[in-house]
Amino acid sequence: MPRKRLLSIVAAVGVALAGAAAAVIPMTASNAAEACVAAYSSSAVYTGNQRASYNGHNWTAKWWTQGEAPSTGGSGVWADNGACGGGTTPPPTGGGSCNYPNWVAGQYYAAGAIVKYTNGQYYKASHENPGYDPVISTWYWSPFSCSGGGTTTPPPSNSGSFPVSEAQFNQMFPNRIAFYSYSGLVDAIKKFPAFTTTGSDTVKKQEAAAFLANVNHESGGLVYVEEINQANWPLYCDRSQSYGCPAGQSAYHGRGPIQLSWNFNYKAAGDALGIDLLNNPDRVKNESSVAYQTAIWYWMTQRGPGTMTPHDAMVNGRGFGETIRSINGSLECNGGNPAQVQSRVDAYNRFTAILGVTPGGSLYC
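Participant: Any chance you could break down the pattern of salt bridges for me, citing the residues and the numbers?
Facilitator: Within this structure, the stated rule accounts for 10 salt bridges. Asp 271 serves as the salt-bridge partner of Lys 267, at 2.7 Å between the closest nitrogen and oxygen. With Lys 267 and Asp 271 both in helix H5 (residues 263-273), this residue pair falls four residues apart, about one helical turn. Accessibility classification places Lys 267 together with Asp 271 in one group, the buried group.

Participant: Explain the state of the cysteines to me, and be specific about the residues and the numbers.
Facilitator: Under the definition given, this model contains two disulfides. Cys 237 shares a disulfide with Cys 245; S-S distance 1.9 Å. Looking down the S-S bond of the Cys 237 and Cys 245 bridge, the torsion is 110°, so its handedness is right-handed. Across the disulfide, Cys 333 is cross-linked to Cys 365 (sulfur-sulfur distance 2.0 Å). The chirality of the disulfide connecting Cys 333 with Cys 365 is left-handed, given an S-S dihedral of about -85°. Of the two residues, Cys 333 sits in the loop between helix H9 (320-328) and helix H10 (338-355) while Cys 365 sits in the segment after H10, which places them 32 residues apart along the sequence.

Participant: Can you break down the sheet that holds strand S7 (residues 122-125) residue by residue, with the values?
Facilitator: Spatially, the three strands line up as an open sheet ordered S6-S7-S8, and their pairing is antiparallel. Either end of the sheet is taken by a strand with one partner, and the two such strands are strand S6 (114-116) and strand S8 (141-144). Ignoring which end each strand starts from, the neighbouring axes of this sheet average 35° apart. Inspection of the sheet shows S7 paired to S8 by four bridges, in the antiparallel sense. Each residue of the ladder has a partner; that of Lys 124, found in S8, is Ser 142.

Participant: Outline the environment of Met 300, supporting the account with residue identities and numerical values.
Facilitator: Turning to its location among the elements, Met 300 is positioned in helix H7 (residues 288-301). For the pair formed by Met 300 and Phe 195, sequence separation is 105 residues and the distance between their alpha carbons is 7.3 Å.

Participant: Summarise the packing of helix H4 (residues 201-219) against H9; cite the residues concerned and give the values.
Facilitator: Two numbers describe how H4 lies on H9: the axes approach to 10 Å, and their chain directions differ by 45°. One element, H4, and the other, H9, form an angle in the oblique class. Read as a crossing pair, H4 and H9 show a hand that is right-handed. Contacts between H4 and H9 involve Ala 210, Ala 213, Asn 214 and Glu 218 on the former and, on the latter, Phe 320, Thr 323, Ile 324 and Ile 327. Per-class residue counts for the contact of H4 with H9 are five nonpolar, two polar and one charged.

Participant: A description of H9 should follow, citing residues and the corresponding values.
Facilitator: In terms of burial, H9 is a largely internal element, eight of the nine residues being buried. Considered for burial, the residues of H9 that qualify are Phe 320, Gly 321, Glu 322, Thr 323, Ile 324, Ser 326, Ile 327 and Asn 328. The elements touched by buried residues of H9 are H4, H7, helix H8 (310-315) and H10. Two residues or fewer past H9, Gly 329 is found with a positive phi of approximately 50°.

Criteria and cut-off values
Residues numbered from 1 in each chain as written. Predicted model: local features only at pLDDT ≥ 70, side-chain atom pairs only at ≥ 80, totals over all residues. Heavy atoms only, no water. Salt bridge = Lys/Arg side-chain N within 4 Å of Asp/Glu carboxyl O. Helix = DSSP H or I, 4+ residues; strand = E, 2+ residues; numbered from the N terminus. Buried < 20%, exposed > 50% of the residue type's maximum accessible area, 1.4 Å probe, protein only. Disulfide = S-S within 2.5 Å. Pairing = 2+ DSSP bridges. Axes fitted to C-alpha atoms, helices over the stretch in contact; angles between N-to-C directions. Parallel < 35°, antiparallel > 145°, perpendicular 65-115°, else oblique. Left-handed = near helix turned anticlockwise from the far one by under 90°. Contact = heavy atoms within 4.5 Å. Nonpolar A, V, L, I, M, F, W, Y, C, P; charged D, E, K, R; others polar.

So far we have only geometry, and geometry alone does not tell us how the molecule works.
Below, the structure is given as structure tokens:
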């Protein structure tokens, strides 16, 4: 079981920027006269960025939900876009054309900033953030419509599209404990529409294998939920953060399939997922879906000691080795610990073989 360390100064900086927007408050519509979108249906499934109207307001779902009527309470899944009515959304000032800059990962955005995402759609920053992905960190971004650009189309749900069957999952993890269920993983990925759905079928399977290979290494084959070495547990409280460690000095040790650690990472993950993990870190060890969500959150949004997220490394052809760098950096890469790197690569090769796909190049870091 490798020594856990999440995460790097890069992640800490990202959390510091995100911390300024820590209080979850309803988003307000940028235009009071916006027309009401399709009415909310209790039987419909809504995924991140999908919208519905209810009680004279438009609402945006932050993640997957079904059967929870829009409100500012409940699980917090709904963001209030403000009152809606007749008419159409007025075009933005400055000529009304969709002439907004391309989104740049890792670039700071103030609340109200509008960007064009890689899918050709536009998004508006509901809260300031350090360059989170608009289709992943849906609390920080909401779809934006402008003259000439049409209406932002919500991304497809990832439900049912995970390129690993339950039988293949069980083959990959023959010794996994019941907590790390396949159903918990499938539920978690509903919050991340781009996860294993980007690129060709080969790339999708390679990304799934890469994620699971790193998870395999971090959790001992989906066996360990908490960091084994309890002597390290008090070390993950960064008291320099303004919010401190409200759950206790030893509360932020490694948990989950990628061993989320440090109070600032629990804060950042919780803010992005709409879950209060800063005050309730044990949710990562008690709820299978939440545990997987923290792992996928890191995979999709955090660069760690690397130069890109693990997701970007796989979908942009940088190879499996770059995902290792984003997770453990020089602790393993550049000769830091070749045996640990080899362990991850061996798992990746096994998993790609199970999925019937080539592993691609650049396996080492």
